[in-house]
Amino acid sequence: MSDLSSEDAHRISQRADLYRSAYPCFAQWAHGKGVITHTDETQVRVFELCQELVCKGRRPSLEAALATFEAADTLTNAAMWLVAHMTYASRVDLSGQALAAGDFKVNPQGHTGGSLNMVPAYIGYVAANALAGFTRSWLMGQGHSVAAIESANVLLRNLHPEQDARYPLNDRGLSQLVSDFYSYATLPDGSPAAPLGSHVNAHTAGGLIEGGYLGFAELQYVHMPLPGEHLVAFLSDGAFEEQRGSDWASRWWRAEDCGFVVPVMIANGRRIDQRSTIFLQGGTTWFQEHLALNGFHPLLIDGRDPAAFIWGVFEAEARLQACAGQVRVGAMDYPVKLPYLIAETVKGYGFYGAGTNAAHGTPLPGVPKFDDASRAYFNDSVRQLFVPKADIDAARRVLTTHEVDDRPPERSHPLSQRNVALEQVPEPAWREKSSVGSPMAAIDELFVELVQRNPQLRVRLGNPDELRSNRMNRTLDVLKHRVLRPEQGVAESLHGSVITALNEEAVISAVLGNKGGINLAVSYEAFAMKMVGALRQEIIFARHQKQVGRPARWLSLPVIATSHLWENGKNEQSHQDPAFGEVLMGEMADVARVVYPPDSNSAMACLQACYQTQGQVWAMTVPKASVGTALDEVQARMVVRDGAVTLIAGETVQLVAMGASQLDVCRLVAERLRQEGVDCGLVSLLEPGRFREARDATEAAALCPVETRRALFPERMPLRVFVAHSRPETLLGICRPLDLGPGRTLAFGYSNHGGTLDTAGLLRVNHCDEDSLYTEIVQALQRLNG
């Protein structure tokens, strides 16, 4: 568990023995409690930290400082005891009596081992806050270990109102908690009945992300805290192999615009059924070397001991603060080696089956309700963890110093309380109708104005591609790539706001992490698909926060997909992919806004509207090529307000164009039909999701009002023709209320045909060109007219 040499270990042991001999109160704590033991190395570290706290006036004496460490030991045992019950038991007995067969679940569920390992980490974080007198934020990448957080929060009474009412700290309340865990119970409307889930969710006090996708917390944490804020990020060794890009954290961190971050890897050595890559490569020694080569300062701690986490948080922050001071006076250059805690432990430590493959989920060999041996193993294990309620209450009082220190409770840590809005919303430089220009150039101009008018907001622009190719020239010149060694004459700066890496997951995580500021992501449409996992996790979490009455209040995020399908003919078909918008149109329309602005004015109107909302992701597919300005200022505002706008009224045929190329073609078709005497109308469809069938009341409130929808899309229309940027089947499914049936509705779009073609060729091969559309419409009218 330690990388000390034999000589160093001997000296550490000697010092620990000296401290125990000289201070009986220290010896009493060092003895440990329950399954918590303290190595000599941790004892020496804790002793020195306590002396530092006394010197700084945070505690009057060694004994007073140790009271916090003793409380952490107590609550760690108690929370691990409760974690085991959450997996297996349907009843809790705070007297500590052994449970009988009838007290167990029929179908135990839980990520027990990881949750047990997270308990000392989270309790250590809470105790470190009590000792420091301020509340740090926390983040957990392994969201399936949520039982650790919920158990600790219940014991600490660090809960949101719905959990506080449902889970009082008594036999009834804790029995309700363990029964709710994986109960699968639903309310009459089908929604979950319990304010509890299998991962971190909107009910989890202080939770920031679900952590269902391993690896995204690793990519986000360094971008999260603002200057003056502190974040402890709990990471998993499984995520290390799940997602690349976390190695670049020191490449992005700057003391001038970043808060203090403490990454903590829970190195328990196992994935579900195999050792993790770290341990296959050579364990923590190999990982320490890897971290050192990638700009970190690794610190190995005992992951079984909350005291080790307390020391680690203080030590890491002190080192980072010292480095920041050296940079400030010019004695050190970036990159700063970020301290990184490696908490070495055994999967499921403290309970039966620790270290086995089974420890990942349900470690007992059988179900205690039906298996006598498993029931005995359970009762024997939890007996070692049991803590009387009076001791739990006393320990809680030691750690809950929020009123004394005038600090927020952990459920309301700073990163969980973001509330960001623009102080100034500049007016777009509206284009004259029929003028020609690049919508991306218009976005570029407006975004620079937004940033310059709101200097109080930290800016992050996620860029996995080429900003200049995407017409974001002014933005790049003003914000600059963030690099460690700026090159003369290039738009680079040590403190640049553009996070550039050839890794879509890394750059989208940079902007998702910056919830205290203003953000933008720009990617090629086909490559933006790689961002969907991170975006979907964010969208779902924001939706759940909204449903429980605590809506996310970070400034909404525009994700711009350019070099889109119909512009990308010169490349092969892998670059011709509308799936980014299609997938996000499947999410709830009140938080996932998917728009297809056809020109510069509508693109600017979308960007302006996005930044006047909170807690939403706007997926904007925007042309970078020059196109004609089809909408004036009034129409641009209307199309954002309603989701569509009528450009030409008609009574016989209604063309519905979604996308810039599609609108151009539909204009030609409409004119041709009108010359043939067909009364043809034209609608520009911006946001298809506004016209879907609502899936719940919350989404219904975000849809286009029925009266407006009927005015835009009359049900009496003889023939409606959709021409979509996306696959036509997707659009018809989303806009089902607009579908007049197979006899009166035609739909065209990407039919999975492509290759090395220009835009005209792509339209033709997908039957979206003027001649194909005209022919199909004429034939349909002939059928309708008998």
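Anyway, here's the lowdown on the structure attached to this text. Model, not experiment: these values are computed from the prediction. (Residues numbered from 1 in each chain as written. Predicted model: local features only at pLDDT ≥ 70, side-chain atom pairs only at ≥ 80, totals over all residues. Heavy atoms only, no water.)

Structural notes on the overall build of the protein
Point 1. Broken down by element type, the protein carries 31 helices and 20 strands.
Point 2. A total of 786 residues make up the protein; the buried ones form 61% of that total.
Point 3. Of the contacts made within the protein by residues no fewer than 6 positions apart, 78% connect residues no fewer than 24 positions apart.
Point 4. Counting every atom, the protein has about 28800 Å² of accessible surface; 49% of that belongs to carbon and sulfur.
Point 5. Between the centroid of the 72 positive side chains of the protein and the centroid of its 88 negative side chains there is a distance of 2 Å. (Helix = DSSP H or I, 4+ residues; strand = E, 2+ residues; numbered from the N terminus. Buried < 20%, exposed > 50% of the residue type's maximum accessible area, 1.4 Å probe, protein only. Contact = heavy atoms within 4.5 Å. Areas by Shrake-Rupley, 256 points an atom, 1.4 Å probe, with all protein chains shown as cover. Lys, Arg positive; Asp, Glu negative; His and termini not counted. Charge placed at Lys NZ, Arg CZ, Asp CG, Glu CD.)

Section: the sheet that holds strand β17 (residues 653-658)
Point 1. With mixed pairing, the 5 strands of this open sheet are ordered in space as β16-β18-β17-β19-β20. Where the open sheet ends on each side, the last strands, each with one partner, are β16 (644-648) and β20 (745-748). With strand direction ignored, the average angle separating the axes of adjacent strands in the sheet is 20°.
Point 2. Note: β17 against strand β19 (residues 719-724), 6 bridges, orientation parallel. Bridging across to β19, A657 finds its partner in V723.
Point 3. Packing against the sheet, helix α25 (residues 633-642) makes contact with β16 and β18 (680-685), and its axis sits at approximately 135° to β16. (Pairing = 2+ DSSP bridges. Axes fitted to C-alpha atoms, helices over the stretch in contact; angles between N-to-C directions.)

Regarding the side chain of D247
Point 1. In this fold, D247 is placed in the loop between α10 (237-242) and α11 (249-252).
Point 2. Among the residues examined, D247 registers a relative accessible area of 14% and is labelled buried.
Point 3. A distance of 3.4 Å separates polar atoms of two side chains, one belonging to D247 and the other to H290. (Polar contact = N/O pair within 3.5 Å; in protein donor to acceptor, adjacent residues only side chain to side chain.)

Here we look at the packing of helix α18 (residues 439-453) against helix α24 (residues 600-610)
Point 1. Two numbers describe how α18 lies on α24: the axes approach to 8 Å, and their chain directions differ by 35°. Read as a crossing pair, α18 and α24 show a hand that is right-handed. The residues of α24 that touch α18, namely those facing P439, A442, I443, L446, F447 and L450, are S600, A603, M604, L607 and Q608.
Point 2. Looking at side-chain class alone, the contact of α18 with α24 contains 9 nonpolar, 2 polar and no charged residues. (Left-handed = near helix turned anticlockwise from the far one by under 90°. Nonpolar A, V, L, I, M, F, W, Y, C, P; charged D, E, K, R; others polar.)

Here's the deal with the sheet that holds strand β4 (residues 296-302)
Point 1. Spatial ordering of the open sheet is given by β1-β2-β3-β5-β4, a layout of 5 strands whose pairing is parallel. The open sheet terminates on both sides in strands that have one partner only, identified here as β1 (137-140) and β4. Within the sheet, the average angular offset between the axes of one strand and its neighbour, ignoring direction, is 20°.
Point 2. The pairing of β4 with strand β5 (residues 338-344) spans 7 bridges and is parallel. Of the residues in β5, the one forming a bridge with L299 is L341.
Point 3. Of the strands in this sheet, β1, β2 (230-236) and β3 (260-267) are in contact with helix α5 (residues 112-132), which crosses β2 at around 175°.

Description of the nonpolar core
Soluble globular proteins tend to pack their nonpolar side chains together in the buried interior.
Point 1. Grouped together as the largest cluster of nonpolar side chains are 97 residues, with contacts concentrated most on L66, F69, M118, F234, V264, I310 and F378.
Point 2. Ranked by the residues each element gives to this core, the list is headed by helix α4 (residues 62-88), at 16 residues.
Point 3. Excluding its chain neighbours within four sequence positions, the residues that come into contact with F378 are A84, H85, Y88, L99, F104, F351 and L364.
Point 4. Core analysis: the second largest hydrophobic core is formed by 80 residues, L208, L291, Y596 and A619 among them. (Core = buried A, V, L, I, M, F, W, Y, C linked by side-chain atoms within 4.5 Å.)

Here's the deal with the pairing of β18
Point 1. Across the 6 residues that make up β18, a large majority, 6, are buried.
Point 2. A two-sided burial pattern is seen for β18, the buried positions comprising C680, L682 and S684 on one face and G681, V683 and L685 on the other.
Point 3. Relative to β18, β17 runs parallel, the two being bridged by 5 bridges. Counted as the bridge partner of V653 is C680 from β18.

Some thoughts on the pattern of salt bridges
Point 1. For the coordinates displayed, the defined rule picks out 44 salt bridges.
Point 2. Here R91 makes a salt bridge to D93, at a shortest N to O gap of 4.0 Å.
Point 3. When its relative accessible area of 31% is taken as the criterion, R91 is described as partly exposed.
Point 4. The salt bridge involving D477 is made with R468; its shortest N-O contact spans 2.6 Å. (Salt bridge = Lys/Arg side-chain N within 4 Å of Asp/Glu carboxyl O.)

Side note on unusual backbone geometry
Point 1. Cis geometry is found at the peptide bond from Y334 to P335, where omega equals 10°.
Point 2. With respect to the secondary-structure elements, P335 resides in the loop between α14 (306-328) and β5.
Point 3. In this structure, Y182 is a non-glycine residue whose phi angle is positive, near 60°.
Point 4. Its place among the elements puts Y182 in the loop between α8 (171-180) and α9 (216-220).
Point 5. One non-glycine residue, N752, lies in positive phi territory at about 65°.
Point 6. With respect to the helices, strands and loops of the structure, N752 is situated in the loop between β20 and α30 (759-765).

Digging into α4
Point 1. Between its first and last C-alpha, α4 extends 40 Å over 27 residues, near the 39 Å set by a 1.5 Å rise per residue.
Point 2. With 23 of its 27 residues buried, α4 lies for the most part within the structure. (Expected span 1.5 Å × (residues − 1).)

Notes on the packing of aromatic side chains
Two numbers describe a pair of aromatic rings. These are the distance of the centres and the angle of the planes.
Point 1. Applying the stated criterion across every chain yields a total of 23 aromatic pairs.
Point 2. Taking the centre distance of 5.9 Å and the plane angle of 70° together, the rings of W29 and F69 count as edge-to-face. Linking W29 in helix α2 (residues 24-30) with F69 in helix α4, this pair joins segments that are 40 residues apart in sequence. Considered together, W29 and F69 belong to a single accessibility category, that of buried residues.
Point 3. When the ring of Y88 is compared with that of F351, the centres are 6.3 Å apart and the planes differ by 25°; the resulting orientation is stacked. Of this pair, Y88 sits in helix α4 while F351 sits in the loop between β5 and α15 (372-385), and the two are 263 residues apart along the sequence.
Point 4. It is R254 that lies over the ring of Y334; its NZ or CZ is 5.2 Å from the centre.
Point 5. Directly above the aromatic system of Y774 lies the positively charged group of R672, at a separation of 4.0 Å from the ring centroid. (Phe/Tyr/Trp six-rings, centres within 6.5 Å; stacked < 30°, edge-to-face > 60°. Lys NZ or Arg CZ within 6 Å of the ring centre and 35° of its normal.)

A short note on the environment of S509
Point 1. With respect to the helices, strands and loops of the structure, S509 is situated in helix α20 (residues 504-513).
Point 2. With 86 residues separating them in the primary sequence, S509 and V595 have C-alpha atoms 21 Å apart.
Point 3. When residues no more than four places from it in sequence are discounted, the contact partners of S509 are F216, L219, Q220 and H223.

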